[in-house]
Each structure stands twice: as C-alpha cells, then as structure tokens.
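One letter stands for each residue in the lines below.
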Amino acid sequence: MSDTDHHITRKLAAILVADIVGFSMLMHEDEQATIMMLDHLESDIIAPAITGQTGRIVKSMGDGWLARFDSAAQAVTAAVQIQEHLSEQSVLKLRIGVHVGDITEKADDIFGDGVNIAARLESIAPPGGIAISEPVHLNLDRPLIAAFEAVGTKELRNIKRKFEVWVHRRQRQIVSENSPSFAETNLPRLSICPVTCSDPRIELQDMAAALTSDCGSYFRTINWLNSAISSIDPAEGYALLCVLRGHDLRMRLEARLFDPAGSEIWMQKFDGSIEEIFDWQDEIVEKLLDAVSGVLIQCETAKLSDLPVQELTAEQCVLMGMITWAGAGTDSYKETMSYHARAIEAKPNLAAAYAEAIWTMNGARTYDLRTELAPYYEKLPDWIEAGRRLAGQNPTLDLSVAVADYNEDGNADRLSVALEQIQQRAPLDARLHLFMGWGYNWAGFPEMALSCFQTALRVGRYGAVFVGASGGAATSCVMLGRDRDAIRYAEAGLRYSHDYPALHSARAAAYAMLGEPEKASVALDQMLQLEPNETISKWRSNVDYGGSDGGKRYFEALRRAGMQE
C-alpha cells in the first residue's frame, strides 16, 4: 500500500448528499428508461452543477451521490441548480441534504459526522427539495437565505444532538394548487422512446444510449414542450421512435414521430460514418431537435387555431402568443400581448406567461407602439416584480427580467454576466438564444449576439424563431462590418416574412455601407412602410446599442441609406 493510501486528513467542509426518490419502483416499472434517465441526470445535470461550483463528486452510488465543497454557499447553489433543472420534468425527483462539518479524507473518500449528518438531512428533505442545517444557513448570503424556510428543531436518526433545519421546496410545490406550473398541464407532450440498435457492436450500442440521453436533455430545454424519456407506450401525446442500424463503417438513424392518435406524421433518415461517430452524434441530435420541434409547432398551430379563444387554457394562450409572434411583424404585437395577458390573468403564478409577456414588451420598446400597447405598459412594472418572485423557474423569464432591468439602468456588463449564466441552463433552446441574441445586440455586444442567433437558426429552422433570429443576425453583422453576411441573413428571413422591420433596415444599412445606394434606398422604403415615422434620433432614444462602436456604425449606415435624422 502506498503512502498516499495511508494519508488521512481532517478538515471542515460542506457536504452534499443526494438521493433519487422511489428509485426501486422506477426500476421495477421501466428499467431501461430509468437507466437512461439516470445517465442523463448524472452527466448533464448533477456533474455540471457540482463542478460548476468547484465541488467534487466523491462517489456515485447508483441512485445517490456524495459531494464535497469548500463553502456552504457553493454546495447550496449547486443543490438549487440541480433541483431547478429537475423541476421541469415530473419523472425523477431528488432529495438533497447539505451540512457543514468535520470530515476525514482518506485517498478519494470522505467519512465522519459531517457526512452522516448530511445523509440524515437528505432523508428528511421533501421530494424535490433541499434540507440544510443551521451551520449551513448561517453561512449563506441574503438571496439564498430567502429561498429557505425554517421547519424547526429535528432529531436525526443515529445523531446524538438535535439540529435546527431549513428547507427549500421544489418551486412547483410553492405555487397554489389552482396555478400549476407550465410543464404540468395542457402543453404538447412528447415521449422519447429509448433508441434501439440491432447491431451488436459496442460502439453502436453506446451511441444508441448516448442519443437517447441527448434527446432527453435537449428536448427538455424547449419551454413549450413537456417531454420525457419513456419506453412505455404513451397514453396521450406525441411519441418519437428512433432505430439505429449499422453496416460495415456506415450507420443510419431512422426517426419517426407519431401523433396522439398513433399516426405517423414525420419520418427522416440520417446517415453517417462510424469513423466520425461523435461529430455525427452532435449533428443528428440538433437536426432531430430542429425538425421535430418544427413539426410539433405546425401540428399545435393547426389544433389551437380551431379553438375559440375563451376555451384556451393559460398554457395554450402562451403557446398561441408565441405562434402569433413568429412573423415578428409590428402588427402582431397587440394580438400576441392579448394572449399573454390572458394567460397571466388566468394563472398568476405561470412563469412562462410572464416570461413571454415581459420579453414581448422588451421587443416592442424598439418600435413606436406605446399607444397600441398602452394597457400593457401600465401592467409591465407589476409583471416584472412578479417575474422576480418567480425567479429560477424559467430561464426565459430570468432573461426577460434581466433585459428589462438593462432598459432601466443601462448596465451592459451586468446584463452580459446574467446572459452567460442563463445560457448554461438551456444551451440548445432556440427561443432562448433568439432572446439572448437581441439582449446582447441592445447592450452593444454584437459578436456574442451573432453566436446566439446562429445557434437559434441552427436548431430552430422550422420553429417560431427563424424570422426574428435572421433579423437579429443581420443586425449583428452590420454592427460587426460584415455587410454581405448581413444581406444574406436578411434575405433568408424575408423568404418567410416581409413584415419584420429589422430585416429591411439591416439590408438598407448593409447596402449603404457597400456603396449600393439604390438598393439601400429601396430597402429603407420597405422598412418605412412598416414604420413610417421612424428617425435616427427616435430609434436611438429607444435603443442605442449600449453606445458601442457597432451601434454607431449601424446608425451611420442608416443615415447613408437616407433615414432622416
């Protein structure tokens, strides 16, 4: 045995213990799907949250985890992030306990009262919740303290002394019974069946499991879709079935989408080479996300459009508002806001309704729509405050509030930091990337904006974000001096909508900077037909792009195109 194996140290540390609720029953009901979800949980949620707070996973015990941190705040932040991620799906629930105490480290393992107490706290935490001890609570800052409620003095099994305990409950348990969360009711449901593979080769079997896990992760980030991995035939909702086949160095994924009646509504085959298997994996999951979300939007649009407005649920109103705004025309704002306001009135704790309403008003700020949207401007301050109370439930809501704050204080650096943190929570949500892109543009960071728009266009070609992302990318390119690219993005968006002013203004600006005044004039005229009273000074008073060099270039380009000062 080496000297390292004999080395034992004692120190003070924050300990996190997490355990899956009802794991044995889940395995009994659907072993294959549970294992898939478990792999996804550890690799895509638990490990990133812990390492992101400079923690270390000491051991994984199948249905549980033990981790250590240098501070209580780091451990609790990781715990909250894990539960926030899981709050959007209803299959897996965790209990988490956190304690600060003495531990003994030997090799890669830890022991001692600190570990035992954290484990006992985990056992009394509510499903989806976090239980912390008084030493942890005393070391938290105000925002984290506010998220916990005291539940009194508790006896912990096999622990001699009693502990004051605080509990953080899953967000969806806090809202009233009459206001269920966005993921619980009346949304399109998608069952993702585990990818099957008839080829016995280990690399293809592993790829089938990886594709299942990735699909579960990426589809979960779509805030209007209630998705989960399941090998059980869905009682209702859509179902995605994929089969992976291999022959020599070639492989093919056959994907089929079925509607709630069991009819096949979409099918596509994706070919690739085993020699490039990992690059192929990333590409295929993005293509699946793009195509399937687009088909689902089309199906839901057809279904909801036939329903009278008074029969729509709050969640369906949110979805209809998103669909109505897809063309991004100024005329769509009033109808879009009527849906979102109706959703808020019906369910005052529906985070997604506030997210979309606040964001739509952020976008309306760039146009002269105060008269048309006056009733909603009066409600906006109250909506923003309600959004703050619901912080953490929905990344789009947190983004919308952050941009609204920027509109008031002009702190571009603070907005940039907020956007970076929000992006990590939903790395492939096309709609979120559309909103982040515009946030970055308005704050004067066109390079980061363009990256967000490109992601939105890559994974949202068939969804409700394409036109907005095309106009945003075109605007970013003008700010960056990439005028030919600006024209290319704008013309791609114009194939789907001629009602979005940003497409025309970006073309006008780009042509002007390229020395093509006639084309610039035509594009500007098309933009002014949509916004006849627009001037540079009015535009700048609404959005000045953070006073950045890119913003100055954009206004100079519009000036050259012929826009009045």
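Residues numbered from 1 in each chain as written. Predicted model: local features only at pLDDT ≥ 70, side-chain atom pairs only at ≥ 80, totals over all residues. Heavy atoms only, no water.

1. A few points about empty space enclosed by the protein
Where empty space is left becomes clear once a probe the size of a water molecule has been rolled over the atoms. Heads up, the rule is: Any residue with an atom within 4 Å of a point lines the site, the site being either a cavity, points on a 1 Å grid over the protein atoms alone where a 1.4 Å probe fits but cannot get out, or a pocket, an open set with protein on both sides within 12 Å along at least 5 of 7 lines. Grid points are joined across faces, edges and corners, and a volume is the space filled by probe spheres set on the points. Secondary structure elements are taken from DSSP: a helix is a run of H or I of four residues or more, a strand is a run of E of two residues or more, and numbering for both begins at the N terminus. Amino acids are sorted into nonpolar (Ala, Val, Leu, Ile, Met, Phe, Trp, Tyr, Cys and Pro), charged (Asp, Glu, Lys and Arg) and polar (every other residue, Gly among them).
One pass over the structure, following the stated rule, counts four cavities of 30 Å³ or more. Considered as a void within the structure, the second largest cavity measures approximately 230 Å³ in volume. Surrounding the second largest cavity, 20 residues form its lining, T366, Y367, W438, Y500 and A502 being those nearest its centre. Contributing elements (two or more residues each) for the lining of the second largest cavity: α13 (351–364), α17 (430–443) and α21 (501–513). With three residues, α21 is the largest single contributor of residues to the lining of the second largest cavity. Classifying every residue of the lining of the second largest cavity by side-chain character gives 14 nonpolar, four polar and two charged.

2. Description of helix α15 (residues 395–409)
Rules: By definition here, a helix of n residues has an expected span of 1.5 Å times n minus one. Here's how the labels work: a residue is buried when its accessible area is under 20% of the maximum for its type, exposed when over 50%, partly exposed in between, all with a 1.4 Å probe on protein chains only. Contacts are assigned to residue pairs that have any heavy atoms within 4.5 Å of one another.
A rise of 1.5 Å per residue sets the reference length of α15, with its 15 residues, at 21 Å; its end C-alpha atoms lie 21 Å apart and thus fit the reference within 8%. In terms of residue burial, α15 counts as a mostly covered element, since 12 of its 15 residues are buried. Buried residues along α15 sit in contact with α13, α14 (374–389), α16 (412–423) and α17. Of the residues one or two after α15, G410 is the one with positive phi, at around 65°.

3. Points about the confidence of the model for the chain
Threshold: A residue's pLDDT is simply how confident the predictor is in it, with values from 0 to 100.
This prediction gives the chain a mean pLDDT of 84; 90% of its residues lie at or above 70. For the chain, the element scoring lowest by mean pLDDT is helix α8 (residues 171–174), at 38; helix α24 (residues 549–561) scores highest, at 96. Low confidence marks residues 1–5, where pLDDT is under 50. Its contacts with residues over four positions away, or in another chain, come to two contacts. pLDDT under 50 marks residues 171–185. Its contacts with residues more than four places away, or in other chains, come to 36 contacts.

4. Focus on the side chain of N362
Locating N362 in the fold gives a position in helix α13. Look past the residues within four positions of N362 in its chain and what remains in contact with it is S400, V403, A404, N407 and W442.

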